[in-house]
Amino acid sequence: MPQGVDLKPVAGAFRFACHAGLTCFTACCARLDLILTPYDVLRLKRALGIKAGAFLEEHAVPVEERRARWPLIRLRMSGPEGRCPFLSSQGCTVYSDRPSACRSYPLARATRPGFVPGEIQEQYFLVEEEHCRGFQEERDWRIEDWVADQGLLEYHTFNDRWMTIRTHPKGPGAGGEAEKKKQMFYLASYDLDRFRDFVFQTRFPRLFELEAGLLERVRADDEALLSLALDWLEFCLLGQGPLRLRSEAGQPGTQARL
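What you are looking at is a predicted structure, and each value in this text was computed from that prediction instead of being measured.

## Quick look at the sheet that holds strand β9 (residues 120-129)
Argument step 1. In space, the three strands of this open sheet follow the order β1-β9-β8, with antiparallel pairing throughout. Unpaired on one side and paired on the other, β1 (5-10) and β8 (107-113) mark the two borders of the sheet. Direction aside, neighbouring strands of the sheet carry axes that sit 30 degrees apart on average.
Argument step 2. With six bridges connecting them, β1 and β9 associate as antiparallel partners. Each bridged residue has a counterpart across the sheet, and for Asp6 the counterpart in β9 is Glu128.
Argument step 3. Relative to the sheet, helix α5 (residues 153-166) contacts β8 and β9, its axis offset from that of β8 by approximately 45 degrees.

What follows is the structure, encoded as structure tokens:
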């Protein structure tokens, strides 16, 4: 943990407010190790009006962590001070589509799969930084009110599904097959526009039983596309999830060669 940062478990109310009148305004937007989730990338690339591939090339760098089983990315900081590339003197230029970690601040949310299938266990921590004056503001919050106010509910829906995939005990394995699985994970997680091409330019619609109207939604709606991408990862990597083959000719795990 960086110096000057205190992480405390929080279950009830906390006091915080952030606004341009604070002397520390935007101080928290530099030298970040900000891991991006698939839904973060979806919202940011759409806000910028660019393809996912262009966003990844310009604004993302791989997470260098030898123990990471799956490829992850973080936001590329800019300039000698390592500032967020979307920061201006007036504040965040992509505020309506800012990443979930930015929305959560000053809370940090830790999650893990529960004991019941589909259950998510979560714990919140208060991130107290020495420079932050927001804790001196007289605004009290409950966790659930902060989550709703910051527009985090939709982020949590996609982030929790993705978390259960990348933390599943059934990892990529080893060898050449593992590299193929990692490529699949990266494609479906981050390069959504290329995944859309994959859906419509391969045998995908003929291989899977898809509900009526799904392809039309996937063609035009990024959220529907990401949901299908996560379904595909669950099927291919874990052998589970809602996707079903049209026949019994194939088995889960064979789709790496679609």
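Next comes the rest of the description.
## Looking at unusual backbone geometry
Only a minority of non-glycine residues have a phi that is not negative, and only a minority of peptide bonds are not trans.
Argument step 1. The linkage connecting Tyr105 with the following residue, Pro106, adopts the cis geometry, with an omega of 15 degrees.
Argument step 2. Secondary-structure assignment places Pro106 in the loop between α3 (100-104) and β8.
Argument step 3. Positive phi values are uncommon outside glycine, yet Thr26 reaches one of about 75 degrees.
Argument step 4. Mapped onto the elements, Thr26 comes out in the loop between β2 (13-15) and β3 (35-36).
Argument step 5. Exposure remark for Thr26: the relative accessible area of 14% places this residue in the buried category.
Argument step 6. Not every positive phi belongs to a glycine, and Arg31 is a case in point at roughly 50 degrees.
Argument step 7. Mapped onto the elements, Arg31 comes out in the loop between β2 and β3.
Argument step 8. Take Arg31: its relative accessible area is 64%, and that puts it in the exposed class.

## Notes on the pairing of β9
Argument step 1. Sheet topology places β8 next to β9; seven bridges connect them, and they run antiparallel. In the sheet register, Leu107 faces β9, and the bridge partner there is Leu126.
Argument step 2. Hairpin connection between β8 and β9: a loop of six residues separates the two successive antiparallel strands, and Gly118 in this loop has a positive phi of roughly 90 degrees.

## Some remarks on the nonpolar core
Argument step 1. Core analysis: the biggest nonpolar cluster contains 68 residues, and Phe195, Phe204, Phe208 and Trp232 have the highest contact counts within it.
Argument step 2. Sorting elements by how many residues they give to this core places helix α10 (residues 222-238) first, with twelve residues.
Argument step 3. Residues within four places of Phe195 in sequence aside, it is in contact with Leu187, Ala188, Leu225, Leu228, Ala229 and Trp232.

Rules behind the numbers
Residues numbered from 1 in each chain as written. Predicted model: local features only at pLDDT ≥ 70, side-chain atom pairs only at ≥ 80, totals over all residues. Heavy atoms only, no water. Pairing = 2+ DSSP bridges. Helix = DSSP H or I, 4+ residues; strand = E, 2+ residues; numbered from the N terminus. Axes fitted to C-alpha atoms, helices over the stretch in contact; angles between N-to-C directions. Contact = heavy atoms within 4.5 Å. Buried < 20%, exposed > 50% of the residue type's maximum accessible area, 1.4 Å probe, protein only. Core = buried A, V, L, I, M, F, W, Y, C linked by side-chain atoms within 4.5 Å.

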